[in-house]
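The chain contents come next:
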Amino acid sequence: MSKLHVKPSNDRGKVISITPQSAGWRHVGFDVHKLAPGGHAAAAAENREVCLVLVSGKARVKAGGRDFGVLGERMTPFEGKPHSVYVPGGSDWRVEATTDVALAVCSAPWKGGKHPARHIGPQDMGQEVRGKGTNVRTVTNILPESMPADSLLVVEVLTPGGHTSSYPPHKHDQDNLPAESLLEETYYHRLNPPQGFAFQRVYTDDRSLDEAIVVEDGSVVMVPRGYHPVAAIHGYDLYYLNVMAGPRRTWKFHNAREHEWLVKT
């Protein structure tokens, strides 16, 4: 199996665990907890900021000394927008499930910013449709650069079956602003119906990195560098949650030159 591909380790509890150390990079951390009603997940953010995303289900969330009550509306990532909570470094957080819950814990370095813990509700999230034809997908900005944080960028994308996404192929692996920013990235994939699969390719111009990965429900693809397009197969809608972070908190990407004609026609 590709070293960039992380599959769930079990059915309950912490099913995905990616740290900067395990990924071999510097910034992005990503965990997924699958909780039954009454189950909980908790941790101290310490020197990292965290965005808790209720991918599905309802849970009581406490963070940064605040009790946000029971959050969550959708029972599947294929409908509506999520509820999320931003947790600054130096804070504790706890999530206790009141239904079955899929909780994503997105993290990146905390740089001492004075951003308090806060609830990010569906009403706070911009949503847009990008692309045309079979490149249409819906993007929900959970924690974009226009919202306060030190390092984290978090977004989710819904791609209909038979469509491409993160396409034309683009990359953000050079610290070369204003042209391009350096951002590590994770893709947490979900399929509807769940027995489906999709494809993701991660590659560089010189092909020193060139991997084509079959992704299934619940798996994660790590993108340390290079282009990273996705294709959803007919009959199976694809959801993915992106976490990005790097030296500077801005998303500036570079399209693959040979495919850029697709956005110019």
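Calculation criteria
Residues numbered from 1 in each chain as written. Predicted model: local features only at pLDDT ≥ 70, side-chain atom pairs only at ≥ 80, totals over all residues. Heavy atoms only, no water. Helix = DSSP H or I, 4+ residues; strand = E, 2+ residues; numbered from the N terminus. Rg over C-alpha atoms; globule rule 2.2 N^0.38 Å. Buried < 20%, exposed > 50% of the residue type's maximum accessible area, 1.4 Å probe, protein only. Contact = heavy atoms within 4.5 Å. Lys, Arg positive; Asp, Glu negative; His and termini not counted. Charge placed at Lys NZ, Arg CZ, Asp CG, Glu CD. Pairing = 2+ DSSP bridges. Polar contact = N/O pair within 3.5 Å; in protein donor to acceptor, adjacent residues only side chain to side chain. Axes fitted to C-alpha atoms, helices over the stretch in contact; angles between N-to-C directions. 1 Å grid on protein atoms, 1.4 Å probe; cavity = no way out; pocket = protein on both sides within 12 Å on 5 of 7 lines; lining within 4 Å. Points joined across faces, edges and corners; volume = space filled by probe spheres on them.

Engineer: What is the right way to read the overall build of the chain from this model?
Structural biologist: Each helix and strand in the chain was counted, giving one helix and 25 strands. Taking 18 Å as the expected radius of gyration for a compact globule of 265 residues, we find that the chain reaches 17 Å, a close match to that expectation. In terms of overall dimensions, the chain has C-alpha extents of about 50 × 40 × 35 Å along its principal axes. Expressed as a percentage of the 265 residues in the chain, the buried residues total 53%. In the chain, 73% of the contacts between residues at least 6 apart in sequence involve partners at least 24 apart. Side-chain charges of the chain comprise 30 positive and 29 negative groups, with the mean position of each set lying 2 Å from the other.

Engineer: I tried to follow the pairing of strand 19 (residues 184–192) on my own but got confused; where do I start?
Structural biologist: The element strand 19 is extensively covered by neighbouring structure, given that eight of its nine residues are classed as buried. Across nine bridges, strand 19 lies against strand 24 (residues 237–245) in antiparallel orientation. What sits directly across from His189, in strand 24, is Tyr240. Pairing of strand 19 with strand 22 (residues 220–223), which is carried by four bridges, proceeds in the antiparallel orientation. Paired with Glu185 across the bridge in strand 22 is Val223.

Engineer: Is there a simple way to explain the side chain of His172 in this structure?
Structural biologist: Relative to the helices and strands, His172 is located in the loop between strand 16 (170–171) and strand 17 (173–176). Its relative accessible area of 2% is what places His172 among the buried residues. Of note is the side chain of His172, whose polar atom sits 2.9 Å from the side chain of Glu185. If we skip the residues at most four places from it in the chain, His172 touches Glu180, Ser181, Leu182, Leu183, Glu185, His228, Met244, Trp251, Lys252 and Phe253.

Engineer: Can you help me understand the sheet that holds strand 3 (residues 29–35) in this one?
Structural biologist: Adjacent strands of a sheet form backbone hydrogen bonds with each other and so pair up, either parallel or antiparallel. Strand order in the open sheet formed by six strands is 2-3-10-5-8-11, and the pairing between neighbours is antiparallel. In the strand order of this sheet, the two ends are held by strand 2 (13–18) and strand 11 (118–120), each with one partner. Adjacent strand axes in the sheet meet at a mean angle of 20°, parallel and antiparallel pairs treated alike. Judged from the five bridges that link them, strand 2 and strand 3 form a sheet pairing that is antiparallel. Paired with Gly13 across the bridge in strand 3 is Lys34.

Engineer: What is the right way to look at the sheet that holds strand 20 (residues 197–203) in this model?
Structural biologist: Strand order in the open sheet formed by four strands is 15-23-20-21, with antiparallel pairing between adjacent strands. Only two strands of the sheet have a single partner each, and these edge strands are strand 15 (164–165) and strand 21 (210–216). Pairing of strand 20 with strand 21 involves seven bridges; the strand directions are antiparallel. The residue of strand 21 that forms the bridge with Arg201 is Ala212.

Engineer: How should I be thinking about empty space enclosed by the protein in this particular structure?
Structural biologist: Unfilled space is identified by rolling a water-sized probe across the atoms. Scanning the model with the defined rule gives one cavity of 30 Å³ or more in all. Taken as a whole, the largest cavity spans an internal volume of roughly 40 Å³. For the largest cavity, the full set of lining residues is Leu52, Leu54, Val61, Leu71, His83, Ser84, Val85, Val95 and Leu103. Secondary-structure elements contributing two or more residues to the lining of the largest cavity are strand 5 (48–56) and strand 8 (83–87). With three residues, strand 8 is the single largest residue contributor to the lining of the largest cavity.

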